[in-house]
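Residues per chain are reported as follows:
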Amino acid sequence: IEIVERALKQYGAPVFVRLTAAQEPETGSPPPPDGIIAAALGLEPGDIGAGGLSPILLSCGTPFLFVPVREPSVLECISVDLDRWRAAFENYDSSALFVFAPGGELQYSDYSARMFAPLWGVPEDPATGSAATALGGHLAMRDQRVEASLSWTVEQGYAMGRPASCIWKR
């Protein structure tokens, strides 16, 4: 599994990084209920879930709780409630959430995402290669086409004014 991550540095100079996953994505313990996840993110329970996907704990070396939301506009509404976050995730297998939606700002983006890990000291990360790697692997494992070439572009960092695109390929 390979990912190409492109990010814009200060002054607009592009940086390219090629990552290879340490392992195929592994699932972890069941996630908290959608209502608890939504409350920690300042969302409504109905915002959680998209395209047949539901929250899942995945890891290619670093575990993240992947939270699909129904559309990119939901990502803009996220407002972390630290007390609810702590109650929901402090004793869970990961307190880092990769929240993603189908589509995005850019015409070619398949998904848009935001990553929050306030209990790790990361209020929000503009580009999370390890999470994008696990998401791409998860999407590929769900795809029924065994021999197909697969590719997804995940944009991240727009809410922070630090746009980045991760391109996952198999």
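Residues numbered from 1 in each chain as written. Predicted model: local features only at pLDDT ≥ 70, side-chain atom pairs only at ≥ 80, totals over all residues. Heavy atoms only, no water.

Novice: So, the confidence of the model for the protein: which residues are in play, and what are the values?
Specialist: In the predicted model, the protein carries a mean pLDDT of 86, and the fraction of residues at 70 or more is 87%. Element-level mean pLDDT values for the protein span from 41 in strand β1 (residues 2-8) up to 98 in helix α1 (residues 34-41). Here residues 1-13 is modelled with pLDDT under 50, and outside its nearest four sequence neighbours on either side it reaches 51 contacts, counting other chains as well. (pLDDT = per-residue confidence, 0-100. Helix = DSSP H or I, 4+ residues; strand = E, 2+ residues; numbered from the N terminus. Contact = heavy atoms within 4.5 Å.)

Novice: Go over the environment of leucine 150, please, and point to the residues and values.
Specialist: Among the structural elements, leucine 150 can be located in the loop between α4 (129-142) and β9 (151-156). When its relative accessible area of 4% is taken as the criterion, leucine 150 is described as buried. Separated by eleven residues in the primary sequence, leucine 150 and leucine 139 have C-alpha atoms spaced 9.3 Å apart. Setting aside residues no more than four positions away along its own chain, leucine 150 makes contact with Ala140, Asp143, Arg145, Trp168, Lys169 and Arg170. (Buried < 20%, exposed > 50% of the residue type's maximum accessible area, 1.4 Å probe, protein only.)

Novice: Mind laying out the environment of leucine 82, listing which residues take part and the relevant values?
Specialist: One can find leucine 82 in helix α3 (residues 82-89). On the basis of relative accessibility, which here comes to 37%, the residue leucine 82 falls in the partly exposed class. Excluding residues that lie within four positions of it along the chain, leucine 82 makes contacts with Pro118 and Leu119.

Novice: I'd like to hear about the packing of α1 against α3, residue by residue, with values.
Specialist: Describing two packed helices takes the angle between their axes plus the distance from one axis to the other. Where α1 meets α3, the closest approach of the two axes is 7 Å, and the angle between their N-to-C directions is 145 degrees. The way α1 lies across α3 gives a crossing that is left-handed. Along its contact with α1, which presents Ile36, Ile37, Ala39, Ala40 and Leu41, the element α3 presents Arg84, Trp85, Ala88 and Phe89. Considering only residue class, the contact of α1 with α3 consists of eight nonpolar, no polar and one charged. (Axes fitted to C-alpha atoms, helices over the stretch in contact; angles between N-to-C directions. Left-handed = near helix turned anticlockwise from the far one by under 90°. Nonpolar A, V, L, I, M, F, W, Y, C, P; charged D, E, K, R; others polar.)

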